[in-house]
Amino acid sequence: MAANLEVESTLTDRYQTTVPETVRRALRLGKRDKIHYSIRESGEVVLSRSGGTEDEDPALGAFLSFLAKDMAQQPERLQAVDDAWVQHLQALVGQVNVDLDAALPLEDE
């Protein structure tokens, strides 16, 4: 059986608190993640990571988590994006208009 960990946090005057690091790590919480509260009849409150919505792409989430972890572990490998690179990218896509809400075309279109 896993050991129980107990941590505390303090409410501010505005009834806000910081989720302790041990809880964030245990629930794999990142910035802007949603938290789910289950309140039991006994008064016990269970805090858990809120499930993703159907609009979320699990592959994208996993990829972004991978990038965040890699950047944290190897910050020396990060490089600034210089103006020449930005201009090159703008030259490639600057005239492309994309409607992110439009349906994707079928393969045979």
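Higher on the page you've got the structure.
Keep in mind that this is a model prediction, so the values were computed, not measured.

A short note on the overall build of the protein
Line of reasoning, step 1. Counting its secondary structure elements, the protein contains three helices and two strands.
Line of reasoning, step 2. Tracing the protein from N to C terminus, the helices and strands come up as α-β-β-α-α.
Line of reasoning, step 3. Against the 2.2 N^0.38 benchmark of 13 Å for 109 residues, the protein shows a C-alpha radius of gyration of 21 Å, more extended than a compact globule.
Line of reasoning, step 4. Each principal axis of the C-alpha atoms in the protein carries an extent, and together these give about 60 × 40 × 35 Å.
Line of reasoning, step 5. When the 109 residues of the protein are sorted by exposure, 3% land in the buried category.

Section: the pattern of salt bridges
Line of reasoning, step 1. A complete count under the given rule lists three salt bridges for this structure.
Line of reasoning, step 2. Here glutamate 21 makes a salt bridge to arginine 25, at a shortest N to O gap of 3.6 Å. Note that glutamate 21 and arginine 25 are positioned in helix α1 (residues 21-27) at a spacing of four residues, about one turn of the helix.
Line of reasoning, step 3. Residue class for glutamate 21 comes out partly exposed when judged on its relative accessible area of 48%.
Line of reasoning, step 4. A salt bridge links arginine 40 to glutamate 44; the shortest N-O distance between them is 3.2 Å.

Section: the environment of leucine 29
Line of reasoning, step 1. Looking at the element boundaries, leucine 29 is found in the loop between α1 and β1 (35-39).
Line of reasoning, step 2. With relative accessibility at 16%, the residue leucine 29 sits in the buried group.
Line of reasoning, step 3. With 34 residues separating them in the primary sequence, leucine 29 and phenylalanine 63 have C-alpha atoms 15 Å apart.
Line of reasoning, step 4. Apart from the residues lying within four places of it in its own chain, the contact partners of leucine 29 are Val19, Arg24, Lys34, Ile35 and Arg49.

A word on a nonpolar patch on the surface
Line of reasoning, step 1. Side chains of Val81, Trp85, Val86, Leu89, Leu92, Val93, Val96, Val98 and Leu100 sit close together on the surface and give an oily, nonpolar patch of about 910 Å² of accessible area.
Line of reasoning, step 2. When you line up the elements, tryptophan 85 lands in helix α3 (residues 83-93).

Thoughts on the pairing of β1
Line of reasoning, step 1. Sheet topology note: the β1/strand β2 (residues 45-49) ladder contains five bridges and is antiparallel. Looking across to β2, one finds that tyrosine 37 is bridged to leucine 47.
Line of reasoning, step 2. Hairpin connection between β1 and β2: a loop of five residues separates the two successive antiparallel strands, and glycine 43 in this loop has a positive phi of roughly 95 degrees.

Cut-offs used in this document
Residues numbered from 1 in each chain as written. Predicted model: local features only at pLDDT ≥ 70, side-chain atom pairs only at ≥ 80, totals over all residues. Heavy atoms only, no water. Helix = DSSP H or I, 4+ residues; strand = E, 2+ residues; numbered from the N terminus. Rg over C-alpha atoms; globule rule 2.2 N^0.38 Å. Buried < 20%, exposed > 50% of the residue type's maximum accessible area, 1.4 Å probe, protein only. Salt bridge = Lys/Arg side-chain N within 4 Å of Asp/Glu carboxyl O. Contact = heavy atoms within 4.5 Å. Patch = residues over 30% accessible without salt bridge, like charges linked within 9 Å, V, L, I, M, F, W, Y side chains within 5 Å. Areas by Shrake-Rupley, 256 points an atom, 1.4 Å probe, with all protein chains shown as cover. Pairing = 2+ DSSP bridges.

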